Amino acid sequence: MASLLLLHAMGSSGRMWRAQLEAFAGRHEVVAPDLPGHGHAAGPFTMDEAVAKSRSVLADLSDPLYVAGVSLGAAVAMRVALAEPERVAGLLLSGTPLRFSRVVLAVQRAMTALLPIATTAATSARLTRPADQRDADALVADVIAAGKRTQAQALRELTGQDLTPRLPEIKARTLVCCGGEDRANLASARLLADRLPNATLRLVPGAGHLWNLQRPELCTDMLTELVEG
């Protein structure tokens, strides 16, 4: 039995992994914690605290250990792999930029500040198009619960960060994934797959940024491939 640590996207919570938690129950030990400021976890969000919390969860899990992350969760997952090179046997990384543009993130922060949080939540669910209404409802509720402050904190933490120089240090077998319609992150996905020493690129045609909610069975299949080989 393997252990899986599943890390959610910005504004979401561990509930975004509902389908995988159900699918792997009894097969593997699976945990999907809420990152700082998200779900039931206290804020503020900082990258250091997100990595520290993830590592504290790892301390209670048995090997072999695999970490999956989407968007913000993938950024945290890479840092966990760098901090725990002897423990992380495999990674699934989806939809995360390698270099976080100050200009793009400044625009995102401005949009977050201007739009009512309920509008942001409804827009996220509409653009994501989750396959299961339970996941759509959870996404809306989680974005509202996280609020503008947590999203602004996360965007501020990511500004200017670039892990490209450290990618050769990540030796774990890695599936780099990206929705085919997630055009903002396609180039980063290809670069990530090219720079990581042991990575395979998997694009998901017709899917967007949070494709794991659009194609939950495929996400489960990819994690099964990663863990069970």
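These numbers were taken from a predicted model, which means no experiment stands behind them.

Novice: Where do I start with the side chain of aspartate 135 in this structure?
Specialist: Structurally, the position occupied by aspartate 135 is in helix α6 (residues 133–158). On the basis of relative accessibility, which here comes to 6%, the residue aspartate 135 falls in the buried class. When neighbours within four sequence positions are excluded, aspartate 135 is seen to be in contact with Arg15, Arg18, Pro130 and Leu213.

Novice: Help me out: how do you make sense of the state of the cysteines in this one?
Specialist: What makes a disulfide is a covalent bond joining the sulfur atoms belonging to two cysteines. Tallied over the entire structure, the rule returns zero disulfides. Distance from the sulfur of cysteine 177, which forms no disulfide, to the nearest cysteine sulfur (cysteine 219) is 7.6 Å. Relative accessible area serves as the criterion here: at 1%, cysteine 177 is assigned to the buried category. A disulfide-free cysteine, cysteine 178 has its sulfur positioned 8.8 Å from the sulfur of cysteine 177, the nearest such atom. A residue is classified by how much of its surface remains accessible, and cysteine 178, at 0% relative accessible area, is buried.

Novice: Whenever I open this one, the environment of leucine 226 confuses me. Can you help?
Specialist: Mapped onto the secondary structure, leucine 226 falls in helix α9 (residues 216–228). Owing to a relative accessible area of 0%, leucine 226 belongs among the buried residues under this scheme. Along the sequence, leucine 226 and serine 188 sit 38 residues apart, while their C-alpha atoms lie 21 Å from each other. Ignoring any residue separated from it by four or fewer positions in sequence, one finds leucine 226 in contact with Tyr66, Gly90, Leu91, Leu92, Arg173 and Leu175.

Novice: Help me out: how do you make sense of the pairing of strand β5 (residues 173–179) in this one?
Specialist: A regular strand places its side chains so that they alternate between the two faces of the sheet. In terms of burial, β5 is largely enclosed, as six of its seven residues are buried. Alignment of strand β4 (residues 88–94) against β5, held across five bridges, turns out to be parallel. From the neighbouring strand, leucine 91 faces β5, where its bridge partner is threonine 174. Here β5 pairs with strand β6 (residues 199–204) via six bridges, running parallel. Across the sheet, the residue bridging to cysteine 178 is leucine 203, located in β6. Running through helix α7 (residues 183–195), the crossover from β5 to the neighbouring parallel element β6 is right-handed.

Novice: I tried to follow the packing of helix α2 (residues 47–58) against helix α3 (residues 72–83) on my own but got confused; where do I start?
Specialist: Geometrically, a packed helix pair is captured by the angle between its two axes and the distance between the axes. For the pair α2 and α3, the least separation of the axes is 9 Å and the interaxial angle reads 65°. The chirality of how α2 crosses α3 is right-handed. For the pair formed by α2 and α3, the contact residues are Met47, Ala50, Val51, Ser54, Arg55 and Leu58 on the first element and Leu72, Ala75, Val76, Arg79, Val80 and Ala83 on the second. Taken together, the residues that form the contact of α2 with α3 break down as nine nonpolar, one polar and two charged.

Novice: Explain α3 here, please?
Specialist: For an α-helix the count is 3.6 residues per turn, leaving residues at separations of three or four pointing the same way. Compared with an ideal rise of 1.5 Å per residue, which puts 12 residues at 16 Å, α3 spans 17 Å between its outermost C-alpha atoms and is within 8% of the ideal. The buried count for α3 comes to 11 of 12 residues, which makes it a mostly enclosed element. Within the sequence span of α3, burial applies to Leu72, Gly73, Ala74, Ala75, Val76, Ala77, Met78, Arg79, Val80, Ala81 and Leu82. Among the structural elements, β1 (3–7), α2, β3 (65–70), β4, α6 and α7 are those in contact with the buried residues of α3.

Novice: Sorry, what's going on with the nonpolar core here?
Specialist: The nonpolar side chains of a soluble globular protein tend to be buried, and buried together. Ranked by size, the top nonpolar core spans 38 residues in total, and within it Val76, Leu91, Leu93, Ile170 and Leu192 carry the most contacts. Of all the secondary structure elements, the ones that give two or more residues to this core are β1, α2, β3, α3, β4, α6, β5 and α7. In terms of residues, this core owes the most to one element, α3, which gives nine residues. Residues contacting leucine 91, with those up to four places away along its chain left out, are Val67, Ala77, Ala81, Ile170, Arg173, Thr174, Leu175 and Leu226. In terms of nonpolar packing, the next biggest core, distinct from the first, is built from 29 residues, Phe24, Tyr66, Leu213 and Leu223 among them.

Novice: I tried to follow the sheet that holds β1 on my own but got confused; where do I start?
Specialist: To summarise the sheet geometry, strands pair through backbone hydrogen bonds and adopt either a parallel or an antiparallel arrangement. Reading across from one edge, β2-β1-β3-β4-β5-β6 is the order of the six strands in this open sheet, with parallel pairing throughout. In this open sheet, the two strands that pair with only one neighbour each are β2 (29–31) and β6. Each adjacent strand pair in this sheet contributes to an overall mean axis angle of 15°, direction not counted. This element, α7, spans β4, β5 and β6 of the sheet and lies at about 165° to β5.

What counts and how
Residues numbered from 1 in each chain as written. Predicted model: local features only at pLDDT ≥ 70, side-chain atom pairs only at ≥ 80, totals over all residues. Heavy atoms only, no water. Helix = DSSP H or I, 4+ residues; strand = E, 2+ residues; numbered from the N terminus. Buried < 20%, exposed > 50% of the residue type's maximum accessible area, 1.4 Å probe, protein only. Contact = heavy atoms within 4.5 Å. Disulfide = S-S within 2.5 Å. Pairing = 2+ DSSP bridges. Right-handed = clockwise from strand over helix to strand, strands pointing away. Axes fitted to C-alpha atoms, helices over the stretch in contact; angles between N-to-C directions. Left-handed = near helix turned anticlockwise from the far one by under 90°. Nonpolar A, V, L, I, M, F, W, Y, C, P; charged D, E, K, R; others polar. Expected span 1.5 Å × (residues − 1). Core = buried A, V, L, I, M, F, W, Y, C linked by side-chain atoms within 4.5 Å.

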